[in-house]
Structures are given as structure tokens and as C-alpha cells.
Amino acid sequence: MTGPGAARAADQGLRDVVRVAAVGDIHLGPDCSGLLRPAFETLPECADVLLLAGDLTRHGTVVEAQVVAEEVRDLGVPVMAVLGNHDYDAGQEADVTRTLEAAGVAVLEGRAARMTVGEHTVGIAGVKGFCGGFAGRSAGEFGEPEMKAFVRTTRLAADGLRHALAGLATDGCRVRIALTHFSPVPDTLAGEPLEIYPFLGSYLLAEAIDVAGADLAVHGHAHLGAEHGTTAGGVRVRNVAQPVIDRAFALYDLPLDARPGGEPLGRPPVDPDDMRHG
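Residues numbered from 1 in each chain as written. Predicted model: local features only at pLDDT ≥ 70, side-chain atom pairs only at ≥ 80, totals over all residues. Heavy atoms only, no water.

Enquirer: Please explain the overall build of the chain as it appears in this structure.
Expert: Broken down by element type, the chain carries eight helices and 13 strands. Within the span of the chain, comprising 278 residues, buried residues form 54% of the whole. Counting contacts in the chain only where the partners sit at least 6 residues apart, residues at least 24 apart contribute 73% of the total. With the model as given, the accessible surface of the chain reaches about 11500 Å², and the carbon-plus-sulfur share is 53%. (Helix = DSSP H or I, 4+ residues; strand = E, 2+ residues; numbered from the N terminus. Buried < 20%, exposed > 50% of the residue type's maximum accessible area, 1.4 Å probe, protein only. Contact = heavy atoms within 4.5 Å. Areas by Shrake-Rupley, 256 points an atom, 1.4 Å probe, with all protein chains shown as cover.)

Enquirer: Explain the sheet that holds strand E3 (residues 79-82) here, please?
Expert: Consider a sheet: its strands pair through backbone hydrogen bonds, and that pairing is either parallel or antiparallel. Pairing in this open sheet of five strands is mixed, and the strands run E4-E3-E2-E1-E13 from one edge to the other. Because the sheet does not close on itself, it has two edges, and the strands there are strand E4 (105-107) and strand E13 (250-255). Within this sheet the neighbouring strands show an average axis-to-axis angle of 25°, counted without direction. Where strand E1 (residues 17-23) lies against E13, six bridges are found, and the strand directions are antiparallel. (Pairing = 2+ DSSP bridges. Axes fitted to C-alpha atoms, helices over the stretch in contact; angles between N-to-C directions.)

Enquirer: Any chance you could explain the packing of helix H4 (residues 62-72) against helix H5 (residues 93-102) here in plain terms?
Expert: To characterise two packed helices, one gives the angle between the axes of the helices and the distance between these axes. Look at H4 against H5: their axes get within 9 Å of each other, and the N-to-C directions meet at 20°. As judged from the angle between their axes, H4 and H5 are roughly parallel. Taken as a pair, H4 and H5 cross one another with a handedness that is right-handed. On the side of H4, the interface is formed by Val 62, Ala 65, Gln 66, Val 68 and Ala 69, while H5 contributes Asp 95, Val 96, Thr 99 and Leu 100. Each residue belonging to the contact of H4 with H5 can be placed in one class, and the counts come to six nonpolar, two polar and one charged. (Parallel < 35°, antiparallel > 145°, perpendicular 65-115°, else oblique. Left-handed = near helix turned anticlockwise from the far one by under 90°. Nonpolar A, V, L, I, M, F, W, Y, C, P; charged D, E, K, R; others polar.)

Enquirer: Is there a simple way to explain the sheet that holds strand E10 (residues 216-219) in this structure?
Expert: Taking strand neighbours across the sheet as the criterion, the six strands line up as E5-E6-E9-E10-E12-E11 in an open arrangement whose pairing is mixed. Only two strands of the sheet have a single partner each, and these edge strands are strand E5 (111-117) and strand E11 (228-230). Here the average twist between neighbouring strands, direction ignored, is 25°. Inspection of the sheet shows strand E6 (residues 120-126) paired to strand E9 (residues 175-179) by five bridges, in the parallel sense. Residue Ala 125 lies in a different strand from E9, and its bridge partner there is Ala 178. Of the strands in this sheet, E5, E6 and E9 touch helix H6 (residues 145-170), which is tilted by about 175° from E6.

Enquirer: Can you help me understand the packing of aromatic side chains in this one?
Expert: Each aromatic ring pair is described using two quantities: the centre-to-centre distance and the angle formed by the ring planes. For the coordinates displayed, the defined rule picks out three aromatic pairs. Through a chain of ring-to-ring contacts, the aromatic side chains of Phe 130, Phe 150 and Phe 182 assemble into a single cluster. For the cation-ring pair, Lys 128 lies above Tyr 88, with the distance from its terminal atom to the ring centre recorded as 5.2 Å. (Phe/Tyr/Trp six-rings, centres within 6.5 Å; stacked < 30°, edge-to-face > 60°. Lys NZ or Arg CZ within 6 Å of the ring centre and 35° of its normal.)

Enquirer: Could you clarify how one ought to interpret the nonpolar core in this entry?
Expert: General note: in soluble globular proteins, nonpolar side chains tend to be found buried as a group. By size, the foremost hydrophobic cluster in this structure holds 56 residues, and its most contacted members are Leu 43 and Leu 51. For Leu 43, the contacting residues outside a window of four places in its chain are Ala 21, Leu 50, Leu 75, Val 77 and Phe 249. Grouped together as the second largest cluster of nonpolar side chains are 23 residues, Leu 165, Cys 173, Ala 206 and Ala 208 included. (Core = buried A, V, L, I, M, F, W, Y, C linked by side-chain atoms within 4.5 Å.)

Enquirer: Hey, could you run me through the confidence of the model for the chain in this one?
Expert: Fine structural detail should not be taken from predicted coordinates in areas where pLDDT scores are low. Looking at the chain as a whole, the pLDDT averages 89, with 87% of positions reaching at least 70. Every residue in residues 1-13 scores below 50 in pLDDT, and together they form nine contacts with partners more than four places removed in sequence or on other chains. Across residues 259-278 the pLDDT falls below 50, and counting only partners more than four positions away or on other chains, this stretch makes 57 contacts in the model. (pLDDT = per-residue confidence, 0-100.)

Enquirer: Explain the pairing of E3 here, please?
Expert: Remember that side chains alternate between the two faces of the sheet whenever the strand is regular. A two-sided burial pattern is seen for E3, the buried positions comprising Val 79 and Ala 81 on one face and Met 80 and Val 82 on the other. When strand E2 (residues 49-53) meets E3, the two strands line up parallel, connected through four bridges. Of the residues in E3, the one forming a bridge with Leu 52 is Ala 81. Handedness of the crossover is the feature at issue here: the chain leaves E2, passes through H4, returns alongside E3, and the resulting connection is right-handed. As judged from the three bridges shared by E3 and E4, these two strands associate in the parallel manner. (Right-handed = clockwise from strand over helix to strand, strands pointing away.)

Enquirer: Hey, could you run me through unusual backbone geometry in this one?
Expert: Negative phi values dominate among residues other than glycine, just as trans dominates among peptide bonds. Despite not being glycine, His 27 has its phi angle at roughly 50°, a positive value. By relative accessible area, which is 15% here, His 27 ends up buried. Notably, Asp 74 is not glycine yet its phi reads approximately 55°, a positive angle. Along the chain, Asp 74 falls in the loop between H4 and E3. The exposure class of Asp 74 is exposed, given its relative accessible area of 67%.

If you want it as C-alpha cells, here you go:
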């Protein structure tokens, strides 16, 4: 629903969709101050929430995080984020998180945030995720301690995502969204060299999403990838890395009233005709 009718419905608490704006891999630094702010200031007109899918900075410094914070401060819509590998590079990820949170950003790592749209509760569960590869061509938690630690990092991230999504289902969230930096599926990596697929994501994230249930999964990281993908369980996946979407943010509509009786959407997934990207 768009136009004056949508505005009236929103005012009356009768909204039939949640409007999701999402972008990742914006890689801001001191020379980018004000770059995205004009576009972000339009969000109250077209979106209910802004999701940031990691790699918000170039090297994970507090100075860079301060630039990001000013781009998204007081936008008029909730802002929720996960960090990416670039945001960990300087070893200042805790300070980066605090800087973003001071600007009102909910930084999610193994936890979820909730918001109200109309009369409905919408939940976003987030983790950075990690590497490992995809079904049939993935690393295993076996052998040397270094390999076990590598895969364990991904498994623990996936466990955190699953628990956060499951908590949203228990709370009766009408719509549930999984937010990661690394990809849960190979579909959205199409265009990247096959040799680096194991370093761009892991099937364990998709398994967590399918087990717990979600209506949409959003990630970044794969600059040369594709926007659209699907988990084995049928959950829509969107790669919103800025080089992929080629705009300040992508927009997706998710229906709030797809099931009678106020049940959470969960699975089956949203029909593609009920989604748009702008």
C-alpha cells in the first residue's frame, strides 16, 4: 500500500505491511561525512526501520564509527545493525558498538530487538556470522585446534541467531527478520569467485534461520554477488551490500496480516509478489 491511503492506514494503526530499508558495506570514513544523510533523511516517508548489514566502517576505528553515527542519528525511524569484518579490523569493535549505540543504533550480536508497526510487533534478530562454506563444500569442526576454532566461531554465531529468532517467535512477533553480515546462502554470492565462497558465509546460518523461522534474511559482505536468494526452507534472502543494490538503501515490504488470527508469519515465507525493492 502506498500513497495517501497508506498514510491514513498508518495513522489509524491499520498498516498491512512493515516497510524495511536495508543496506550494508557502506564503508564510511572521515571523508564521507554527510554522504548518505540526505537519502537517510527520507526514510520516515518510506520505511519503518533501517537495517545496517555490517561493514559500516573501513577499518573499524572509533573515528570512522563516529561518521556512521552522525549519518544515522535522529532519523525518525529505528536503526538496527550488525557489525562486519571491517568493523573488527582495528580491534575496537566494543568502542565502535558503544559509539553507534550512543547515537541510538541497536547493535545486535546474538540478540534481538522489537518494534511496533501499527498494532503489530516486528522482531529483528542479528549476528555478524562468519565463514565456513555451504552444503557439500564446507569446513568441518574436526582436526587441528585451529580448524575447530574456525568452524566453532560460525556455529556459535548460528546458535545465537537461532536462539534470538526463536525468542521472537515465542514473543509472538508478527514478522521476524534475520540480519547478518556474512551470507547464509550461496545464491546471493553469484558473481563472486567460487574460490572465496567459503569466506563469504556459511550454511549454518541458513540452517538456524530455517529451524527458528523467519520472513526475511538480510546480509551484506558479497560486493560482487546478487541481491536475491532463498534458503533451503524457503526463506527469502537479500544481499544488500551497497555495491550490489547500487543505491543508498533497498526497500522491502513484508505483510503484517498474511495469516488470520494474529499468528506470526514465520514459515512459509513471504511471496515475492508481496515484496518490493526500490
